Amino acid sequence: MSAENQQERLDIENWILGFTDGEGCFSVSFIKNKTTKTGWQIFPEFVITQGAKSLPAMEIVKNYFQCGNLFINRRSDNHREHLYRYCVRSLDDLKNKITPFFRKHQLKTYKYEDFEIFSQIITLMSLGVHLTDKGRDKIAKLVEMMNRKKKSRYLKSSETKRQARARALVR
């Protein structure tokens, strides 16, 4: 790689880092899903959201990571443009592309703390921990520490509480 190409790569990596600090999000959701054995699906994702005018910037990020998708959120409120979301949801891509990037290029805002928790969850899921009741509970407790720090719907669920009581009776 020439020095010019290396500098260009550093510029884009720093730009993506700043863009994520301002407009990105690392999140993990628990979604009720009757088709899964436990009735819950754990859904990690990395997202950057921008107005339609900034779609070319979103395409730069997508092309850099070589993964994820762009989705349009059509708005019917008083805003003049639709929103676009760059989303990476593949556990493999989160583990092998997104997490290593943000390990190498550290976020500067509070999102660094969310990323650290997100990274732990991705590691746990990669190891299959989410496939056990204890593992899901552990991940749900980590999720409660992220973003808005609200109580997990999964942990408050009557079905989850019933399963926990049944597990306790078996022991």
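Refer to the preceding data block for the structure.
Definitions and limits used
Residues numbered from 1 in each chain as written. Predicted model: local features only at pLDDT ≥ 70, side-chain atom pairs only at ≥ 80, totals over all residues. Heavy atoms only, no water. Pairing = 2+ DSSP bridges. Helix = DSSP H or I, 4+ residues; strand = E, 2+ residues; numbered from the N terminus. Axes fitted to C-alpha atoms, helices over the stretch in contact; angles between N-to-C directions. Contact = heavy atoms within 4.5 Å. Core = buried A, V, L, I, M, F, W, Y, C linked by side-chain atoms within 4.5 Å. Buried < 20%, exposed > 50% of the residue type's maximum accessible area, 1.4 Å probe, protein only.

**Q** Hey, could you run me through the sheet that holds strand β4 (residues 83-88) in this one?
**A** The strands that make up a sheet pair up through hydrogen bonds in the backbone, lying either parallel or antiparallel. Across the sheet, which stays open at both edges, the 4 strands sit in the order β1-β2-β4-β3 with antiparallel pairing between neighbours. Each of the sheet's edge strands pairs with one partner strand only, and the pair in question is β1 (24-32) and β3 (69-73). Pairs of neighbouring strands in the sheet enclose a mean axial angle of 35°, with direction left out of account. In this structure, β3 lies alongside β4, joined through 5 bridges in antiparallel fashion. The residue bridging F71 from the neighbouring strand is R85, located in β4. On top of the sheet, helix α3 (residues 91-104) reaches β1, β2 (40-51) and β4; it is set at about 50° to β2, its chief contact.

**Q** When you look at the nonpolar core in this model, what are you seeing that I'm missing?
**A** F26, F46, F65, I98, F102 and I121 are the most contacted members of the largest nonpolar core, which has 37 residues in total. For this core, the elements supplying multiple residues, two or more each, are α1 (3-23), β1, β2, α2 (55-65), β4, α3, α4 (111-126) and α5 (133-143). Considering each element in turn, this core owes the most residues, 7 residues, to α4. If near-sequence neighbours (up to four positions away) are discounted, I98 is found in contact with F26, F46, F65, C67, V88 and D93.

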